[in-house]
Amino acid sequence: MNKSGKLIVVVAPSGSGKSTLIKRLKKDFPNLEESVSTTTRPKRAGERHGEAYFFVDRSDFISMRDRGEFLEWAEVHGNFYGTSKRFVEGRLASGKDLLFDLDVQGVDNMKEAFGDKARAIFIAPPSINELESRLRGRGTEADEVIKLRIDNAKKELLREHDYDYRVVNDELDGAYSRLKTIIQSILDT
Ligand code: ADP
Ligand code: 5GP
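Below is a summary of the structure that appears in this document. Computed from a prediction, not measured in an experiment: that's the story for all the values here.

For the rest of this paragraph, the subject is the side chain of Glu34. Looking at where Glu34 falls in the secondary structure, it is placed in strand β2 (residues 32–34). Here Lys26 takes part through its side chain, which lies 3.0 Å from a polar atom of the side chain of Glu34.

Here we come to the pattern of salt bridges. A complete count under the given rule lists 25 salt bridges for this structure. Note that Glu160 and Arg166 form a salt bridge whose closest N and O atoms lie 2.9 Å from each other. Residue Arg166 is classed as partly exposed on the basis of its relative accessible area, which comes to 38%. A cluster of three or more residues bridged by salt bridges with shared partners is formed by Arg44, Arg138, Glu141 and Arg149.

With that settled, consider the site of ligand 2. In the vicinity of ligand 2 there are 18 residues, among which Lys18, Arg41, Tyr53, Tyr81 and Asp101 approach most closely. For ligand 2, an oxygen atom lies 2.6 Å from a polar atom in the side chain of Ser37. Within the side chain of Tyr81, one N or O atom sits 2.5 Å away from an oxygen atom of ligand 2. At the level of elements, β5 (70–76) and β6 (79–84) are the ones that each hand at least two residues to the shell around ligand 2. Taken together, the residues that form the shell around ligand 2 break down as 6 nonpolar, 5 polar and 7 charged.

What counts, and where the lines are drawn
- Residues numbered from 1 in each chain as written.
- Chains lettered and ligands numbered in written order.
- Predicted model: local features only at pLDDT ≥ 70, side-chain atom pairs only at ≥ 80, totals over all residues.
- Heavy atoms only, no water.
- Helix = DSSP H or I, 4+ residues; strand = E, 2+ residues; numbered from the N terminus.
- Polar contact = N/O pair within 3.5 Å; in protein donor to acceptor, adjacent residues only side chain to side chain.
- Salt bridge = Lys/Arg side-chain N within 4 Å of Asp/Glu carboxyl O.
- Buried < 20%, exposed > 50% of the residue type's maximum accessible area, 1.4 Å probe, protein only.
- Near = heavy atom within 4 Å.
- Nonpolar A, V, L, I, M, F, W, Y, C, P; charged D, E, K, R; others polar.

All we've got here are geometric facts, nothing functional implied.
This is how it looks when you write it as structure tokens:
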């Protein structure tokens, strides 16, 4: 596999504000393309196939996984998520820098595959209470799904200091500015 492009992995507990921050990055870094993962998670309102994700059912996901189509895959909050080998190879070959939005298992696997070429940034919420109120405020998940995501967040937060960089998403503009500086420094090296 061509490993010349930059690989930036963003990892964060659900509800930390990762998607909000990534949306802003796309405007400031037009050459930084987000990897589109494949998932078995049900579509949220407004999500379209091929944009945030390729949505497939579990049997299709398992067939794809068994054919070796994923660079890494994981079960997260009861759904499967996988990074497409073909998508990543294609983009790297065309000189794109890639941004990945992965769970902690995914980051570990990317680090194993790419070593220091993959730079990992952990986005932390200011507190678990704030994370819960953001998840509730977003209103996209049922109560039991929110509980599962909070339980997982507590586990993921145990790893918040294990990565190359960490940004606390307290006040959005300040957090974004710190994140932007980190991404710029990765792209410049
Ligand atoms: P994630 O992608 O990490 O699951 P989202 O980006 O969807 O999280 O953010 C979760 C909710 O919190 C959204 O409703 C978003 O508008 C809100 N949010 C994101 N960042 C902040 C922030 N710094 N302060 C307050 N609310 C925020
Ligand atoms: P969501 O359902 O909120 O979009 O994502 C749930 C979690 O799955 C997030 O932590 C996200 O980073 C993670 N995720 C999304 N795509 C992938 C992927 O391809 N691989 C892995 N390992 N995790 C992913």
